[in-house]
Amino acid sequence: MSELPNEKIDAVIVGSGAAGSHFAARLAQAGKRVAILEAGPARPKDELVSSMLWARRLKGGGAPVLETGKGTVGNGFNAGRGVGGSTMHHYAVWPRLHENDFRVKSLYGRSRDWPIAYTDLQPYYDRVQEECGISGDHLAETTRPPGSPYPMPPVPVSVQGRVVAQGFAAMGMKVSPIPLAVNSRSYKGRPSCLWDGWCDAGCPIGALANAQTIHLPQAEAAGATIHPDTEVVRVLTSADGKRVTGVEAMTKDGRRVRVMADVVVVAAFTIQSPRLLLASATPQHPEGLANSSGNLGRFVTTHGAAPIFGLHPKVTTPAFGAFGGQLLNQEHYDDKNAHASSGAFGSYQWMIANALKPNGLLGIAPTRPDLRGPALTKFMEQASEHMITMTGVTEDEALAENRITLSPRKDALGVPLASVDYTPAKASMALWDAAIAEGLEVFRAAGTSEAWNAPRAPMHIMGGTVMGTSAADSVTNSYGQTHDLPNLFVGGAGLFPTSGGVNPTFTVHALAARSSEYLVKNWDSVIG
Amino acid sequence: MPKPESAKPTRREILKAGGLGLLTVTLGGQWVHLSPAEAQAAGAPLAVFTPEEAATLAALGERLVPGSWKAGVLPFVDYQLAAAPEDCMLMIQYLGVDPPFTPFYRTGLGALDAAAQARHQSPFAKLEDAPAEELIAAMAEGKLENWAGPPSPFFYFVLRNDACDVMYGTEKGFAALGVHYAAHIRPPSEWGEIS
């Protein structure tokens, strides 16, 4: 492991996930001296063993996140711990946000607008797509906004995918290949996926685009250093409070260290980034850094997962494929009022035919918690051969009252814990209800003998450090540069003013590509 | 994987307790004895649970997920609770429960045993099939009166998943279902236990 830098460097990055690794690669390649501080441990690829039990070490951990609302954001399940962050257990479903996702307030009078339009992000989606590799079919995916063709052909479709597709067809709806950042053939020296369904355990062969596969190696090759087990506890500011000057961190062996830098990038995932900024308050920034708007921590959203399950007469071998799925449907995506008659608002998509292992929170066994004893045994035997599934990703209305604050409770390092007060909007709940109703209908049309669903669960966490045009009501500008402190940047899905109804990681990368390009071009003015 | 520190009770105490019948449970109407050999094979000595808690957990696991007792639900949960937090493999770690998790299990198992005592004047582990199932059904539906543990449907959900994990989450478990395990990299052990 590299020694922490003693002298001031150009940029210190907090967190080694999608955003942090992307920033690190671009800044280091531009000749900047970069250090990434990661709270969790190293994750050597040979430790990414195929087991739904061992895989749990990739999640949760760290300081607990308290929850006080009627809903939950599920930090333990959604966050990552260790080098690579949550990308190490992400399933690489990489659709783009749509044009209307960027203008929700303007078009519908609710939630918020993004400070950019789809056209601003499109070149970066295209660039990231080429760099990381996506399998898909841009023509068949008729709902996809404009952009380059996917660089790899679609992922294979199994019996599971085919029978669900028949259900959609019977209802007059179309499916397309799902855009997956998983190799359907070898790509840029990385091998093709084996489709053995172990995405949740991390991908040791590099077929799935995650931080360890793509950007961390690039960053290291360009001279950046990665420091696991180094938890940042405070962002430091100058005496006049006008600049950030570095970070203070605790090492695993209990040393309190400082890394000084011209630029600080906070990319510690949606909950921990605002927690760190709130906990770094100073007399000049009494409510936390980058919080003059009072909106730091606010507008937290999470996609309501809408999981549908069924038993089909055909043998579907659900243990194989990709966790993210094989096919996609975004039938109603572009009309956020498609289900307004039931009070619903927002967009959703279906990720179809996800790989299902027997156990695990997203496995077969928990889908029927009512079954136990011999009835469970019988179900497990049947479902291991005949189960089908798909998961709805439903939008969540952005509400100011859904927010992250600091708790009076502190962690072992003396940093106040994050407390999340989250209650999904009624319109978001109604959207989830509408998706579930449609999904069950599709599964009945597919010829299942039984179809059922799981309760609403939080999938992905967004918001809390939202970007905007005005310093009065947002934390950063469209580049993730905080309005209050010009050399403090934020990366990650926390920047999203609204959640959309698609998986966030591709957009996290596109934003990081745009932000890091801006930072390199404007380096001198940013560092003052 | 660090070896969990052996707190109380010691292996000797467990074996002694077994000898006294404290780890004897009835399953499927038959008396089953948790033999020292089985306890050892499954990773004994226990680091966390008392003999009474162990008996309740093993019996509950087996009733929820047949085969899980032999698969080692008791040493599995006990081992994970004693492991360092970053090595914990229990599903509870991402179900919104504050660590440490031992009090969750301890109060839940205690509440179940208390419910069995209140209704049937018997420890849960010694109940016959019908009263045990009746108790589990009431627990799953949150209908047990004077329940003094974590919300009982949630406790049921967690314990059921633990039993499923140890029963179905290993190469043996996959094989029992006829599912090809197809590992990229085989785990060094099923769930971190010391072989």
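What counts and what doesn't
- Residues numbered from 1 in each chain as written.
- Chains lettered and ligands numbered in written order.
- Predicted model: local features only at pLDDT ≥ 70, side-chain atom pairs only at ≥ 80, totals over all residues.
- Helix = DSSP H or I, 4+ residues; strand = E, 2+ residues; numbered from the N terminus.
- Contact = placed C-beta atoms within 7 Å.
- Pairing = 2+ DSSP bridges.
- Axes fitted to C-alpha atoms, helices over the stretch in contact; angles between N-to-C directions.
- Nonpolar A, V, L, I, M, F, W, Y, C, P; charged D, E, K, R; others polar.
- Expected span 1.5 Å × (residues − 1).
- Buried ≥ 20, exposed ≤ 12 C-beta atoms within 10 Å, placed from the backbone.
- Arc of directions from axis to C-beta.
- Parallel < 35°, antiparallel > 145°, perpendicular 65-115°, else oblique.

(A) View of the overall build of chain A. If you tally the helices and strands in chain A, you get 11 helices and 17 strands. Summarising its shape, the C-alpha atoms of chain A cover approximately 70 × 50 × 45 Å along the three principal directions. Of the contacts formed within chain A by residues at least 6 apart in sequence, a portion of 75% connects residues at least 24 apart.

(B) Local environment of the sheet that holds strand S14 (residues 416-421) of chain A. Residues and elements named next belong to chain A. Strands sit in the order S3-S14-S13 across an open sheet of 3 strands; the sheet is mixed. Both outer strands of the open sheet, strand S3 (66-67) and strand S13 (403-410), are each paired with one neighbouring strand and no more. Here 2 bridges tie S3 to S14, and the two strands are oriented parallel to one another. Across the sheet, the residue bridging to Leu-66 is Ser-419, located in S14. Taken strand by strand, helix H7 (residues 272-279) contacts S13 and S14, and its axis lies near 60° from that of S13.

(C) Expanded view of the interface of chain B and chain A. In this assembly, 35 residues from chain B lie in contact with 39 residues from chain A. Those elements giving two or more residues to the side of chain B that touches chain A turn out to be helix H3 (51-64), helix H8 (152-168) and helix H9 (171-176) of chain B. Top contributing element to the side of chain B that touches chain A by residue count: H8 of chain B, with 6 residues. Residues that form the side of chain B that touches chain A fall into these classes: 21 nonpolar, 7 polar and 7 charged.

(D) A look at helix H10 (residues 505-521) of chain A. In this model H10 of chain A runs 24 Å from its N-terminal to its C-terminal C-alpha over 17 residues, within 8% of the 24 Å that 1.5 Å per residue would give. Across the 17 residues of H10 of chain A, 13 count as buried, placing the element largely inside the fold.

(E) Representation of helix H7 (residues 129-140) of chain B within the structure. Residues and elements named next belong to chain B. Here H7 is 12 residues long and its end C-alpha atoms lie 16 Å apart, about the 16 Å a rise of 1.5 Å per residue gives. Listed in full, the buried residues belonging to H7 are Ala-132, Leu-135, Ile-136 and Met-139. The buried residues of H7 occupy one face: seen down the axis, they fall within an arc of 100°. Against the buried residues of H7 lie H3, helix H6 (102-120) and H8. Following H7 by one or two positions, Gly-142 adopts a phi angle in the positive range, close to 70°.

(F) Quick peek at the packing of helix H4 (residues 118-132) of chain A against H10 of chain A. Residues and elements named next belong to chain A. Where H4 contacts H10, the axes come no closer than 8 Å and their chain directions differ by 110°. Considering the angle they form, H4 stands roughly perpendicular to H10. Between H4, through Leu-121, Tyr-124, Tyr-125, Arg-127 and Val-128, and H10, the contact on the second element is made entirely by Phe-506, His-509, Ala-510, Ala-513 and Arg-514. The residue makeup of the contact of H4 with H10, split by class, is 7 nonpolar, 1 polar and 2 charged.

(G) Local environment of the environment of Met-171 of chain A. Residue and element names in this part refer to chain A. Checked against the element boundaries, Met-171 lands in the loop between helix H5 (159-170) and strand S4 (176-177). Judged by C-beta crowding, with 14 C-beta atoms within 10 Å, Met-171 ranks as partly exposed. Through-space distance from the C-alpha of Met-171 to that of Ala-446 is 9.3 Å; in sequence the pair is 275 residues apart. Every residue in contact with Met-171, bar those within four places of it in the chain, is listed here: Glu-441, Val-442 and Ala-445.

(H) Structural context of unusual backbone geometry. Going from Pro-99 of chain B to Pro-100 of chain B, the amide bond is cis rather than trans, its omega being 0°. With respect to the element layout, Pro-100 of chain B can be found in the loop between helix H5 (73-82) and H6. The backbone of Ala-353 of chain A shows a phi angle near 65°, a positive value even though the residue is not glycine. Accessibility expressed as a C-beta count within 10 Å gives 30 for Ala-353 of chain A, which makes it buried.

(I) Examining the packing of H5 of chain B against H8 of chain B more closely. Residues and elements named next belong to chain B. Remark: H5 packs on H8, axes separated minimally by 9 Å, with the N-to-C direction vectors making an angle of 110°. Comparing the axis directions of H5 and H8 gives the class roughly perpendicular. Taken together, the residues of H8 that come into contact with H5 (itself represented by Val-73, Phe-76 and Val-77) are Asp-162, Ala-163 and Val-166. In terms of residue class, the contact of H5 with H8 is made up of 5 nonpolar, no polar and 1 charged.

(J) Representation of the environment of Ser-342 of chain A. Residue and element names in this part refer to chain A. Within the secondary structure, Ser-342 is located in the loop between strand S10 (327-329) and strand S11 (348-352). Distance in space between the C-alpha atoms of Ser-342 and Ala-427 is 8.6 Å, their sequence separation being 85 residues. The residues touching Ser-342, leaving out its near neighbours within four places in the chain, are Ala-430, Asp-433 and Ala-434.

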